[in-house]
Amino acid sequence: MQIQYAERIRTLPPYLFAAIDQMKREALLKGADLIDLSIGDPDIPTLSHIVDAMKKAVEKSEHHRYPSYEGMLSYRKAVADWYKERFNVELDPEKEVISLIGSKEGIGHIPLAFIDPGDIVLVPSPGYPVYPVGTKFAGGIPYFMPLKEDNGFLPDIDSIPEDVCKKAKLMFINYPNNPTSACAGTDFYKKIIEFANKYNIIVCHDAAYSEVYYEEKPISFMQIDGAKDVGIEFHSLSKTYNMTGWRIGFAVGNKDILAGLGKVKTNLDSGVFQAIQEASIVALKTEDTVLKQIRNVYRERRDILYEGLKNAGFALKKPAATFYLWVKVPNGKSIDFVAKLLKEAEVLCTPGVGFGEHGEGYIRFALTQSKEKIKEAVERIRRLKL
(Lines give C-alpha, C1' and ligand atoms only; values in the text may rest on other atoms or scores of the structure.)
Protein backbone atom coordinates (compact mmCIF):
# COMPACT_ATOMS: atom_id res chain seq x y z
CA MET A 1 0.00 0.00 0.00
CA GLN A 2 1.30 3.42 -0.94
CA ILE A 3 0.79 6.07 1.75
CA GLN A 4 0.40 9.63 0.53
CA TYR A 5 0.09 12.64 2.80
CA ALA A 6 -2.57 15.29 2.22
CA GLU A 7 -1.52 18.44 0.41
CA ARG A 8 -1.75 20.47 3.62
CA ILE A 9 0.90 18.23 5.17
CA ARG A 10 3.13 17.88 2.11
CA THR A 11 3.52 21.64 1.72
CA LEU A 12 4.41 22.31 5.36
CA PRO A 13 8.03 23.06 6.29
CA PRO A 14 9.47 20.91 9.10
CA TYR A 15 8.19 22.18 12.46
CA LEU A 16 10.96 24.37 13.83
CA PHE A 17 11.32 22.81 17.25
CA ALA A 18 11.09 19.26 15.90
CA ALA A 19 14.04 20.11 13.65
CA ILE A 20 15.92 21.56 16.62
CA ASP A 21 15.23 18.36 18.57
CA GLN A 22 16.75 16.35 15.73
CA MET A 23 19.90 18.51 15.73
CA LYS A 24 20.10 18.03 19.49
CA ARG A 25 19.74 14.23 19.26
CA GLU A 26 22.44 13.97 16.62
CA ALA A 27 24.87 16.06 18.70
CA LEU A 28 24.22 14.01 21.83
CA LEU A 29 24.73 10.74 19.92
CA LYS A 30 28.17 12.04 18.98
CA GLY A 31 28.94 12.62 22.66
CA ALA A 32 28.58 16.41 22.73
CA ASP A 33 28.57 18.16 26.11
CA LEU A 34 25.60 20.14 24.93
CA ILE A 35 24.24 23.32 26.50
CA ASP A 36 20.74 23.71 25.09
CA LEU A 37 19.53 27.32 24.91
CA SER A 38 17.17 26.70 22.02
CA ILE A 39 13.65 25.96 23.26
CA GLY A 40 11.54 27.98 25.69
CA ASP A 41 10.76 25.16 28.09
CA PRO A 42 11.34 26.36 31.67
CA ASP A 43 13.84 24.27 33.63
CA ILE A 44 12.38 25.50 36.93
CA PRO A 45 9.96 22.90 38.35
CA THR A 46 6.26 23.61 38.71
CA LEU A 47 5.66 25.32 42.06
CA SER A 48 5.16 22.79 44.85
CA HIS A 49 1.79 24.11 46.02
CA ILE A 50 0.41 23.55 42.51
CA VAL A 51 1.79 20.01 42.40
CA ASP A 52 0.26 19.31 45.82
CA ALA A 53 -3.12 20.57 44.60
CA MET A 54 -2.85 18.27 41.58
CA LYS A 55 -2.09 15.27 43.79
CA LYS A 56 -5.30 15.87 45.71
CA ALA A 57 -7.39 16.65 42.63
CA VAL A 58 -6.36 13.54 40.71
CA GLU A 59 -7.76 11.36 43.51
CA LYS A 60 -11.28 12.76 43.02
CA SER A 61 -13.37 10.33 40.98
CA GLU A 62 -15.54 13.11 39.54
CA HIS A 63 -12.50 14.30 37.61
CA HIS A 64 -12.07 10.93 35.89
CA ARG A 65 -15.00 11.49 33.54
CA TYR A 66 -15.23 13.72 30.48
CA PRO A 67 -14.67 17.38 31.37
CA SER A 68 -16.84 20.21 30.06
CA TYR A 69 -15.83 21.54 26.66
CA GLU A 70 -15.66 25.17 27.76
CA GLY A 71 -13.83 24.36 31.00
CA MET A 72 -15.04 24.12 34.58
CA LEU A 73 -16.89 27.27 35.57
CA SER A 74 -14.72 27.47 38.69
CA TYR A 75 -11.60 27.52 36.48
CA ARG A 76 -13.06 30.15 34.16
CA LYS A 77 -14.04 32.23 37.17
CA ALA A 78 -10.47 31.99 38.48
CA VAL A 79 -9.25 33.25 35.10
CA ALA A 80 -11.70 36.16 35.24
CA ASP A 81 -10.61 36.98 38.80
CA TRP A 82 -6.95 36.87 37.71
CA TYR A 83 -7.66 39.29 34.84
CA LYS A 84 -9.43 41.65 37.21
CA GLU A 85 -6.57 41.52 39.71
CA ARG A 86 -3.74 41.75 37.15
CA PHE A 87 -5.17 44.01 34.45
CA ASN A 88 -8.37 45.48 35.97
CA VAL A 89 -10.31 43.88 33.11
CA GLU A 90 -13.88 42.67 33.74
CA LEU A 91 -14.76 39.32 32.13
CA ASP A 92 -17.92 37.24 32.20
CA PRO A 93 -16.56 33.79 33.10
CA GLU A 94 -19.48 32.02 31.38
CA LYS A 95 -19.23 33.73 27.99
CA GLU A 96 -15.91 35.57 27.81
CA VAL A 97 -13.49 32.85 29.01
CA ILE A 98 -12.76 29.45 27.47
CA SER A 99 -10.27 26.79 28.61
CA LEU A 100 -7.60 25.54 26.20
CA ILE A 101 -5.28 22.55 26.08
CA GLY A 102 -2.44 25.05 26.16
CA SER A 103 -2.59 28.27 24.15
CA LYS A 104 -0.95 26.52 21.16
CA GLU A 105 -4.10 24.42 20.70
CA GLY A 106 -6.37 27.46 20.63
CA ILE A 107 -4.08 29.37 18.28
CA GLY A 108 -3.97 26.42 15.90
CA HIS A 109 -7.74 25.96 15.95
CA ILE A 110 -8.98 29.56 15.71
CA PRO A 111 -8.52 29.83 11.91
CA LEU A 112 -10.79 26.79 11.43
CA ALA A 113 -13.64 28.80 12.95
CA PHE A 114 -13.34 31.89 10.77
CA ILE A 115 -11.15 31.25 7.72
CA ASP A 116 -12.47 29.87 4.44
CA PRO A 117 -10.15 28.73 1.64
CA GLY A 118 -8.50 31.76 0.07
CA ASP A 119 -9.08 34.11 3.01
CA ILE A 120 -6.06 36.08 4.20
CA VAL A 121 -4.64 35.99 7.72
CA LEU A 122 -2.17 38.66 8.81
CA VAL A 123 0.79 36.96 10.47
CA PRO A 124 3.91 38.48 12.09
CA SER A 125 7.31 37.50 10.72
CA PRO A 126 9.33 36.50 12.65
CA GLY A 127 6.67 34.83 14.73
CA TYR A 128 5.42 31.67 16.41
CA PRO A 129 5.26 29.04 13.63
CA VAL A 130 1.73 27.93 14.62
CA TYR A 131 0.23 31.19 13.30
CA PRO A 132 0.90 30.41 9.60
CA VAL A 133 0.51 26.64 10.06
CA GLY A 134 -2.97 26.98 11.60
CA THR A 135 -3.84 29.37 8.78
CA LYS A 136 -2.77 26.88 6.11
CA PHE A 137 -4.64 24.01 7.77
CA ALA A 138 -7.81 26.10 7.40
CA GLY A 139 -7.07 26.79 3.73
CA GLY A 140 -6.15 30.39 4.43
CA ILE A 141 -3.30 32.43 2.99
CA PRO A 142 -0.79 33.92 5.44
CA TYR A 143 0.25 37.48 4.67
CA PHE A 144 3.48 38.09 6.53
CA MET A 145 3.91 41.39 8.37
CA PRO A 146 7.65 42.09 8.81
CA LEU A 147 8.75 42.88 12.37
CA LYS A 148 11.74 45.19 11.92
CA GLU A 149 14.09 46.49 14.55
CA ASP A 150 13.77 50.10 13.36
CA ASN A 151 10.04 49.91 14.14
CA GLY A 152 10.50 48.35 17.56
CA PHE A 153 9.58 44.93 16.11
CA LEU A 154 5.98 46.11 15.70
CA PRO A 155 4.14 45.44 12.42
CA ASP A 156 3.75 48.47 10.17
CA ILE A 157 0.06 48.04 9.37
CA ASP A 158 0.06 51.22 7.27
CA SER A 159 2.26 49.43 4.73
CA ILE A 160 -0.18 46.55 4.19
CA PRO A 161 -1.73 46.90 0.69
CA GLU A 162 -5.38 47.93 0.62
CA ASP A 163 -6.47 44.86 -1.34
CA VAL A 164 -4.85 42.62 1.31
CA CYS A 165 -6.58 44.49 4.12
CA LYS A 166 -9.97 44.02 2.45
CA LYS A 167 -9.45 40.26 2.06
CA ALA A 168 -8.02 39.72 5.54
CA LYS A 169 -10.31 38.06 8.08
CA LEU A 170 -7.98 37.54 11.02
CA MET A 171 -4.74 38.97 12.47
CA PHE A 172 -2.24 37.48 14.92
CA ILE A 173 -0.18 39.73 17.18
CA ASN A 174 2.04 38.70 20.10
CA TYR A 175 3.45 40.91 22.87
CA PRO A 176 5.68 40.50 24.79
CA ASN A 177 6.98 39.01 21.59
CA ASN A 178 8.46 35.65 20.78
CA PRO A 179 11.14 35.62 19.40
CA THR A 180 12.16 39.31 19.50
CA SER A 181 11.24 40.03 23.17
CA ALA A 182 9.69 43.36 22.09
CA CYS A 183 6.82 44.86 24.10
CA ALA A 184 3.84 46.87 22.86
CA GLY A 185 2.08 49.83 24.40
CA THR A 186 -1.31 51.51 24.45
CA ASP A 187 -0.83 53.52 21.25
CA PHE A 188 -0.02 50.42 19.24
CA TYR A 189 -3.05 48.52 20.50
CA LYS A 190 -5.33 51.50 19.83
CA LYS A 191 -4.08 51.57 16.25
CA ILE A 192 -4.71 47.83 15.89
CA ILE A 193 -8.30 48.26 17.15
CA GLU A 194 -8.93 51.11 14.71
CA PHE A 195 -7.48 49.02 11.88
CA ALA A 196 -9.57 45.98 12.85
CA ASN A 197 -12.77 48.01 12.95
CA LYS A 198 -12.05 49.61 9.57
CA TYR A 199 -11.54 46.30 7.77
CA ASN A 200 -13.64 43.97 9.95
CA ILE A 201 -10.64 41.86 11.00
CA ILE A 202 -10.61 39.60 14.07
CA VAL A 203 -7.59 40.27 16.29
CA CYS A 204 -5.97 37.35 18.11
CA HIS A 205 -3.43 38.53 20.66
CA ASP A 206 -1.03 35.93 22.04
CA ALA A 207 -0.05 37.08 25.54
CA ALA A 208 1.70 33.92 26.75
CA TYR A 209 4.70 35.88 28.06
CA SER A 210 2.93 38.74 29.85
CA GLU A 211 4.12 37.52 33.27
CA VAL A 212 7.78 37.01 32.35
CA TYR A 213 8.94 40.59 32.68
CA TYR A 214 11.68 42.54 34.43
CA GLU A 215 11.55 46.31 34.85
CA GLU A 216 7.95 47.12 33.88
CA LYS A 217 4.71 45.11 33.76
CA PRO A 218 3.41 44.53 30.22
CA ILE A 219 -0.17 45.58 29.55
CA SER A 220 -2.98 43.44 28.17
CA PHE A 221 -4.65 44.06 24.82
CA MET A 222 -7.93 43.63 26.72
CA GLN A 223 -7.17 46.74 28.79
CA ILE A 224 -7.67 48.98 25.77
CA ASP A 225 -11.14 50.37 25.06
CA GLY A 226 -12.69 48.52 22.15
CA ALA A 227 -10.39 45.48 22.29
CA LYS A 228 -13.20 43.17 23.34
CA ASP A 229 -15.25 44.35 20.35
CA VAL A 230 -12.68 43.14 17.82
CA GLY A 231 -10.70 40.33 19.37
CA ILE A 232 -9.58 37.82 21.92
CA GLU A 233 -6.44 37.22 23.94
CA PHE A 234 -4.71 33.86 24.35
CA HIS A 235 -2.88 33.01 27.53
CA SER A 236 -1.13 30.04 29.03
CA LEU A 237 -0.06 28.80 32.43
CA SER A 238 3.02 27.25 30.83
CA LYS A 239 5.54 30.07 31.19
CA THR A 240 4.13 31.89 34.21
CA TYR A 241 3.93 28.84 36.47
CA ASN A 242 6.44 26.49 34.77
CA MET A 243 3.62 24.19 33.64
CA THR A 244 4.53 23.53 30.00
CA GLY A 245 3.84 19.79 30.27
CA TRP A 246 0.46 20.25 31.94
CA ARG A 247 -1.11 21.63 28.73
CA ILE A 248 -3.55 24.19 30.02
CA GLY A 249 -4.33 27.72 28.94
CA PHE A 250 -7.28 29.95 28.15
CA ALA A 251 -8.64 32.56 25.79
CA VAL A 252 -10.67 35.59 26.82
CA GLY A 253 -12.51 38.44 25.14
CA ASN A 254 -15.24 38.71 22.51
CA LYS A 255 -17.94 36.17 23.32
CA ASP A 256 -18.90 35.53 19.68
CA ILE A 257 -15.30 34.87 18.65
CA LEU A 258 -14.86 32.53 21.61
CA ALA A 259 -18.11 30.78 20.69
CA GLY A 260 -16.70 30.11 17.22
CA LEU A 261 -13.51 28.66 18.71
CA GLY A 262 -15.68 26.63 21.08
CA LYS A 263 -17.58 25.06 18.17
CA VAL A 264 -14.30 23.84 16.70
CA LYS A 265 -13.16 22.48 20.04
CA THR A 266 -16.36 20.58 20.78
CA ASN A 267 -15.85 18.68 17.54
CA LEU A 268 -12.11 18.06 17.87
CA ASP A 269 -11.25 17.64 21.55
CA SER A 270 -12.89 16.75 24.84
CA GLY A 271 -11.54 19.52 27.03
CA VAL A 272 -8.87 19.74 29.73
CA PHE A 273 -8.57 17.06 32.44
CA GLN A 274 -10.49 18.55 35.36
CA ALA A 275 -7.81 17.72 37.92
CA ILE A 276 -5.44 19.94 35.97
CA GLN A 277 -8.06 22.68 35.91
CA GLU A 278 -8.51 22.41 39.68
CA ALA A 279 -4.75 22.64 40.27
CA SER A 280 -4.63 25.57 37.86
CA ILE A 281 -7.13 27.46 39.99
CA VAL A 282 -4.57 27.23 42.79
CA ALA A 283 -1.86 28.39 40.36
CA LEU A 284 -3.83 31.47 39.36
CA LYS A 285 -4.12 32.46 43.01
CA THR A 286 -0.34 32.34 43.54
CA GLU A 287 1.02 35.45 45.28
CA ASP A 288 3.08 37.70 43.04
CA THR A 289 5.90 37.63 45.60
CA VAL A 290 6.37 33.97 44.66
CA LEU A 291 6.33 34.71 40.92
CA LYS A 292 8.77 37.56 41.47
CA GLN A 293 11.32 35.02 42.68
CA ILE A 294 11.01 33.19 39.35
CA ARG A 295 11.38 36.45 37.43
CA ASN A 296 14.49 37.26 39.47
CA VAL A 297 16.04 33.94 38.41
CA TYR A 298 15.44 34.84 34.76
CA ARG A 299 16.67 38.40 35.32
CA GLU A 300 20.00 37.14 36.66
CA ARG A 301 20.35 34.74 33.74
CA ARG A 302 19.37 37.49 31.27
CA ASP A 303 22.02 39.83 32.61
CA ILE A 304 24.75 37.18 32.48
CA LEU A 305 23.94 36.16 28.90
CA TYR A 306 23.37 39.73 27.69
CA GLU A 307 26.65 41.05 29.07
CA GLY A 308 28.53 37.96 27.91
CA LEU A 309 27.26 38.12 24.34
CA LYS A 310 27.72 41.88 24.17
CA ASN A 311 31.34 41.58 25.36
CA ALA A 312 31.87 38.81 22.80
CA GLY A 313 30.96 41.27 20.04
CA PHE A 314 27.32 40.43 19.36
CA ALA A 315 24.72 43.12 18.64
CA LEU A 316 21.61 42.77 20.78
CA LYS A 317 19.24 44.65 23.08
CA LYS A 318 18.52 43.73 26.68
CA PRO A 319 15.00 42.26 26.75
CA ALA A 320 12.41 43.87 29.03
CA ALA A 321 10.25 40.73 28.98
CA THR A 322 10.17 37.03 27.94
CA PHE A 323 13.07 34.68 28.59
CA TYR A 324 14.61 35.12 25.14
CA LEU A 325 17.49 37.13 23.71
CA TRP A 326 17.19 38.07 20.02
CA VAL A 327 20.71 38.40 18.69
CA LYS A 328 22.08 39.56 15.34
CA VAL A 329 24.17 37.01 13.49
CA PRO A 330 27.72 38.36 12.97
CA ASN A 331 27.89 36.99 9.44
CA GLY A 332 26.19 34.54 7.13
CA LYS A 333 22.83 32.83 7.50
CA SER A 334 21.21 32.08 10.83
CA ILE A 335 21.00 28.31 10.30
CA ASP A 336 24.69 28.17 9.38
CA PHE A 337 25.64 30.13 12.47
CA VAL A 338 23.54 27.86 14.69
CA ALA A 339 25.34 24.88 13.17
CA LYS A 340 28.69 26.57 13.85
CA LEU A 341 27.84 27.17 17.51
CA LEU A 342 26.64 23.60 17.86
CA LYS A 343 29.73 22.09 16.23
CA GLU A 344 32.44 24.34 17.66
CA ALA A 345 31.01 25.39 21.05
CA GLU A 346 28.43 22.65 21.72
CA VAL A 347 25.88 25.39 22.39
CA LEU A 348 22.46 25.08 20.76
CA CYS A 349 20.26 28.07 19.96
CA THR A 350 17.48 28.69 17.43
CA PRO A 351 17.92 30.13 13.91
CA GLY A 352 15.83 33.24 13.33
CA VAL A 353 14.77 32.08 9.88
CA GLY A 354 12.86 29.26 11.56
CA PHE A 355 10.41 31.92 12.76
CA GLY A 356 9.87 33.21 9.24
CA GLU A 357 11.69 34.90 6.39
CA HIS A 358 12.05 38.17 8.28
CA GLY A 359 13.81 36.42 11.15
CA GLU A 360 16.83 35.80 8.94
CA GLY A 361 19.95 37.49 10.27
CA TYR A 362 19.11 36.71 13.91
CA ILE A 363 19.37 33.85 16.37
CA ARG A 364 17.37 33.30 19.57
CA PHE A 365 18.75 32.20 22.92
CA ALA A 366 16.44 30.93 25.67
CA LEU A 367 17.17 31.49 29.36
CA THR A 368 16.09 27.98 30.30
CA GLN A 369 19.34 26.71 31.78
CA SER A 370 21.01 27.47 35.12
CA LYS A 371 23.19 30.55 35.46
CA GLU A 372 26.22 28.25 35.73
CA LYS A 373 25.36 26.65 32.39
CA ILE A 374 24.79 30.07 30.83
CA LYS A 375 28.17 31.29 32.09
CA GLU A 376 29.80 28.22 30.57
CA ALA A 377 27.98 28.80 27.27
CA VAL A 378 29.23 32.39 27.20
CA GLU A 379 32.81 31.26 27.79
CA ARG A 380 32.59 28.71 24.99
CA ILE A 381 31.18 31.29 22.57
CA ARG A 382 33.81 33.87 23.54
CA ARG A 383 36.54 31.43 22.46
CA LEU A 384 35.14 31.21 18.94
CA LYS A 385 36.33 33.22 15.98
CA LEU A 386 33.10 34.97 14.92
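Residues numbered from 1 in each chain as written. Predicted model: local features only at pLDDT ≥ 70, side-chain atom pairs only at ≥ 80, totals over all residues. Heavy atoms only, no water.

## Brief notes about the side chain of Thr240
Okay, so step 1: Here Thr240 is to be found in the loop between strand 7 (231–236) and strand 8 (249–253).
Okay, so step 2: If we ignore the near neighbours within four places in the chain, the residues touching Thr240 are Glu211, His235, Leu291 and Ile294. (Helix = DSSP H or I, 4+ residues; strand = E, 2+ residues; numbered from the N terminus. Contact = heavy atoms within 4.5 Å.)

## Examining the nonpolar core
Okay, so step 1: One finds Tyr83, Leu122, Tyr241 and Phe365 to be the most contacted residues of the largest nonpolar core, which totals 107 residues.
Okay, so step 2: For this core, the domains that each give at least three residues are domain 1 (13–45 + 289–384) and domain 2 (48–285).
Okay, so step 3: Other than its neighbours up to four places away in sequence, Leu122 contacts Tyr143, Met145, Ile160, Val164, Ala168, Leu170, Met171, Phe172, Phe195 and Ile201.
Okay, so step 4: Ile98, Val130, Leu170 and Leu258 belong to the second-largest nonpolar core, a separate cluster that totals 21 residues. (Core = buried A, V, L, I, M, F, W, Y, C linked by side-chain atoms within 4.5 Å. Buried < 20%, exposed > 50% of the residue type's maximum accessible area, 1.4 Å probe, protein only. Domains from an automatic or database assignment.)

## Quick word on the UniProt feature "domain: Aminotransferase class I/classII large" (unreviewed entry) in the chain
Okay, so step 1: In the numbering adopted here, UniProt assigns the feature "domain: Aminotransferase class I/classII large" (unreviewed entry) to residues 33–381.
Okay, so step 2: The annotated region residues 33–381 carries 40% helix and 16% strand content, and the separation between its end C-alpha atoms amounts to 14 Å. (UniProt positions renumbered as here; feature names shortened; annotations may be inferred.)

## Quick notes on the pattern of salt bridges
Two side chains with opposite charge may pair up if their charged atoms get near one another.
Okay, so step 1: Considering all chains together, one arrives at 23 salt bridges under this definition.
Okay, so step 2: Its salt-bridge partner being Glu90, residue Lys84 comes within 2.9 Å of it at the nearest N-O pair.
Okay, so step 3: The partner of Arg380 in a salt bridge is Glu376, with the nearest N and O atoms 3.0 Å apart. Taken together, the positions of Arg380 and Glu376, both in helix 14 (residues 371–382) and four residues apart, correspond to about one turn of that helix.
Okay, so step 4: The exposure class of Glu376 is partly exposed, given its relative accessible area of 33%.
Okay, so step 5: Each of the salt bridges in this network shares a partner with another, and the network as a whole consists of Glu215, Arg302, Asp303 and Lys318. (Salt bridge = Lys/Arg side-chain N within 4 Å of Asp/Glu carboxyl O.)

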